[in-house]
Amino acid sequence: MKFKVSCGDLERRLSVLGRVIESKPAVPIWGHFLFETKGDSLIITAGSSDVIMYTELSVMDSEGDAKAVVPGGKVMEYLKKLPEQPIEISIDDATHAIQISTLMGTSSQTGESAEEWPNVPALSPEAQTFSVSSQSLLNGIARTAFAVANDTLRPALNGIYFDIEPTMLTMVSTDSHRLVRYCRTDVQPGINASFILNKRPAALLKGVLDKVDSTVSISFDSKHIMFQMPLYTVICLQPEGAYPAYKSVIPANGNPHKLTINRQDLSNAVSRVLLFSDNTKLLRLDITSNSVTVSSQDLDLSCKASETISCEYTSDDMTIGFKGAFFSDVLVNMECQEIEISLADPARSALFSPALKRDGEDELMLLMPMKV
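Residues numbered from 1 in each chain as written. Predicted model: local features only at pLDDT ≥ 70, side-chain atom pairs only at ≥ 80, totals over all residues. Heavy atoms only, no water.

Enquirer: Can you explain the side chain of Ser48? Please cite residues and give values.
Expert: Structurally, Ser48 is set in the loop between strand E3 (41-47) and strand E4 (51-58). A polar contact of 3.0 Å, which involves the side chain of Ser48, links it to the side chain of Arg200. With residues near it in sequence (within four places) discarded, Ser48 still touches Val20, Glu22, Trp30 and Arg200. (Helix = DSSP H or I, 4+ residues; strand = E, 2+ residues; numbered from the N terminus. Polar contact = N/O pair within 3.5 Å; in protein donor to acceptor, adjacent residues only side chain to side chain. Contact = heavy atoms within 4.5 Å.)

Structure, rendered in structure tokens:
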């Protein structure tokens, strides 16, 4: 195998794919990259136990179609330290020796045979496909990922649930204490289906989508999901088990008591007040006409704090408690100037949504209260 390629292009692709590689891979060869030349194209693959990502880039002066396994560590660091230039990579088919020739000199190291590389999984003929913009998919992952569970007994909760309808895409996450529902009403999948995207592939996708502005094709069957973008393809496993009936948790008609408040002001106050909380991290909200007082305390250390913020609220006075970290996460992960908090009573879940909805979006976060 021999070819010439842009040093910068190769380094950027390897940096993205390198995120797939685990520190202690289940299959040792997955600690490396698979290089495959086909004509004037180089296909690079990185794999792990739950996700595979590959990319294709153009090369020059390629000599024959071949496969080789390239250790990633030294190659990536070496390419990072090189100035932009064309480089030549040659890999001996018999010894797997890798040589990189640059304008300044050469480097060499030993690779491995590609024979042990596991096959890339193929989707079944029954797989379904729909398309979504990269920005819509990125927003959905960003808004829901923080509420994904880490539950060994219920692996289905350890991912983002995609509820697909002909005229809408809904993404859901929950850890049983909080639930996020993010709907894209401007997506037209044209099918009724669902799948679960595991936490780790979701994080990898988020990093890729942040650099992409295009349409993403999503194909899936009962076991795998494939995301195809102009530069990268990601294939991942679905977790086992069925996702809970999330719609039954959300109050059908919402909650009657509405509080509208500046999100950033509330978030800042919460972050300061929680510095004085005890191990329970309990946050107390005392809501009265047009104001809310957030407070916490640590009786053992004889310290406490409270702050009062103006708001729009005309219902009966209410005192309600929340786990401070969860309450803060909800505020941090919403992107709006003002939020509406809908309440029923101190024992039932609170609903958070933007006071002004954006076109094509419907966002709702649900948080269970704590006893004050």
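Enquirer: Tell me about the sheet that holds strand E14 (residues 215-220), residues and numbers included.
Expert: Sheet architecture is open: eight strands sit in the order E5-E2-E3-E4-E16-E15-E14-E9, paired in antiparallel fashion. The open sheet has two edge strands, strand E5 (66-71) and strand E9 (128-133), and neither has a second partner. Direction aside, the axes of adjacent strands within the sheet are offset by 20 degrees on average. Pairing geometry for E14 and strand E15 (residues 224-228), over four bridges, is antiparallel. Each bridged residue has a counterpart across the sheet, and for Ser217 the counterpart in E15 is Gln228. (Pairing = 2+ DSSP bridges. Axes fitted to C-alpha atoms, helices over the stretch in contact; angles between N-to-C directions.)

Enquirer: Give a detailed account of the layout of surface pockets, specifying residues and quantitative values.
Expert: Each pocket or cavity is described by its volume, and for the largest pocket that value is around 240 Å³. Every residue along the wall of the largest pocket is listed here: Asp278, Thr280, Leu282, Arg284, Ser295, Ser296, Gln297, Leu299, Lys304, Ala305, Ser306 and Val372. Every element with two or more residues in the lining of the largest pocket is listed here: strand E18 (282-288), strand E19 (291-298) and strand E20 (303-310). Of the residues in the lining of the largest pocket, the class split is four nonpolar, five polar and three charged. (1 Å grid on protein atoms, 1.4 Å probe; cavity = no way out; pocket = protein on both sides within 12 Å on 5 of 7 lines; lining within 4 Å. Points joined across faces, edges and corners; volume = space filled by probe spheres on them. Nonpolar A, V, L, I, M, F, W, Y, C, P; charged D, E, K, R; others polar.)

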